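Structural overview
So the chains spell out like this:
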Amino acid sequence: VPLPAKAAEDLALLGDGVVGKALPAPPIEDIRVWASPGPGEWDYRIVAGDEDGEKVRTESYERLPDRNGHEIYARTLGVEFVEHLGVDPESGDFYTFVEDDVELGYTSRFTPAILWKGGTTAGATWKHDIKIEAYKTGEPDDVKYSGSMTSELRYVGAYEVTTPAGTFPAILLHAESDIEIGPADVTDSMYAFYAKGIGKIAEVEATRISALFIYHSKTKIAKVLESYPKRED
């Protein structure tokens, strides 16, 4: 699948030579094989954005007790966020149902969960409407803000990707979201490359936030994998 022109434009933020030739795109039977949810730490070099060249961002996975027969993980992103993820072993679906904003001390609950479907092929797109409830972390019964999210996810294709950690064949997933909660409107676009058995190896994300007429923010960030946990086959 040739890289779409808009995706190529957005992914240019990664720099020259990162995204290479298109490859045969395999079906995603089980997203865990690609997301490689842990345990362990993955270090990413920020190559563009507000923190360009200033630091390495660490992301980690931790296995939590199963819930209703589903595997549950916590994914910590830097020091800012913790995502709570689930895996349906029958369908291979991989989903986010709760996110903690550590800096603000708030937790967001998604109903239904933000879903990355298993059993998909290149070109597949899935959309869903999600209810969001935000509450102070540790106080889930006291909802402070309610809102909605429209999410569209797409399996774009497979490409050769070169990072400081090596060159890998990787699948490309693209997520676009529109969120309205409390006084804020948020739009987010994220491209993420995943290598089989390794996890996420590169990412570009652009976010715009506006709150009524008093606050506006736009951010872009691009990062590439620098190191990852080596595991036995």
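Below: a short report on this structure.

How each quantity is defined
Residues take numbers from 1 onward in each chain, read along the sequence in its written order. The predicted nature of this model means local features are confined to residues of pLDDT at least 70 and side-chain atom pairs, given and counted, to a pLDDT of 80 or more, with totals for whole chains, interfaces and linings taken over all residues. For the side-chain quantities, the full set of heavy atoms in the structure was used; hydrogens and water were omitted. Patch membership needs two things, relative accessible area over 30% and no salt bridge, and members are linked within 9 Å if like-charged or within 5 Å if nonpolar (Val, Leu, Ile, Met, Phe, Trp, Tyr). Calculation of accessible area relied on Shrake-Rupley with a 1.4 Å probe; when residues are assessed, cover is drawn exclusively from the protein chains displayed. By definition, a salt bridge exists where a carboxyl oxygen of Asp or Glu is found within 4 Å of a side-chain nitrogen of Lys or Arg. Counted as positive: Lys and Arg. Counted as negative: Asp and Glu, with His and the chain ends omitted from the count. Taken as the charge location is NZ of Lys, CZ of Arg, CG of Asp or CD of Glu. Helix and strand definitions follow DSSP, with helices as H or I runs of at least four residues and strands as E runs of at least two, each counted in order from the N terminus. Note on pairing: two strands pair once DSSP finds at least 2 bridges between them. In what follows, residue pairs with any heavy atoms lying within 4.5 Å of each other are defined as contacts. Only protein chains enter the accessibility calculation, which uses a 1.4 Å probe. A residue is then buried if its area is under 20% of the maximum for its type, exposed if over 50%, and partly exposed in between.

1. A closer look at a negative patch on the surface
On the surface, E176, D178, E180 and D185 cluster together into a negatively charged patch. Among the elements that line the negative patch, the one with the most residues is strand β10 (residues 166-181), at three residues. Examined against the element boundaries, D178 turns out to sit in strand β10.

2. Some details on unusual backbone geometry
Note the cis peptide between T111 and P112, where omega equals -10°. Looking at the element boundaries, P112 is found in strand β7 (residues 106-116).

3. Remarks on the pairing of strand β9 (residues 143-163)
As paired strands, strand β1 (residues 19-23) and β9 are joined by three bridges and run antiparallel to one another. For A22, the partnering residue across the bridge sits in β9 and is Y159. Where strand β8 (residues 125-136) meets β9, eleven bridges bridge the pair, whose relative direction is antiparallel. Bridging across to β9, K131 finds its partner in S148. The hairpin turn running from β8 into β9, its antiparallel successor, is six residues long, and G138 in that turn takes a positive phi close to 95°. When β9 meets β10, the two strands line up antiparallel, connected through 16 bridges.

4. Some words on the environment of T120
By secondary structure assignment, the location of T120 is in the loop between β7 and β8. For T120 and I28, which are 92 residues apart along the polypeptide, the C-alpha to C-alpha distance reads 5.2 Å. With residues up to four places along the chain from it excluded, the contact list for T120 reads P27, I28, W126 and Y155.

5. A few points about the pattern of salt bridges
Taken as a whole, this structure holds 17 salt bridges when the rule is applied. In this structure, the salt-bridge partner of E59 is R75, at a minimum N-O distance of 2.9 Å. Within this pair, whereas E59 is found in strand β3 (residues 56-67), its partner R75 is found in strand β4 (residues 70-77), the two being separated by 16 residues in sequence. Taken as a pair, E59 and R75 share a single burial class, namely buried. A salt bridge links E203 to K223; the shortest N-O distance between them is 3.3 Å. Residue E203 is located in strand β12 (residues 199-211), and its partner K223 is located in strand β13 (residues 215-227); the two are separated by 20 residues in the primary sequence. Across the pair, exposure class does not vary: E203 and K223 are buried alike.

All we've got here are geometric facts, nothing functional implied.
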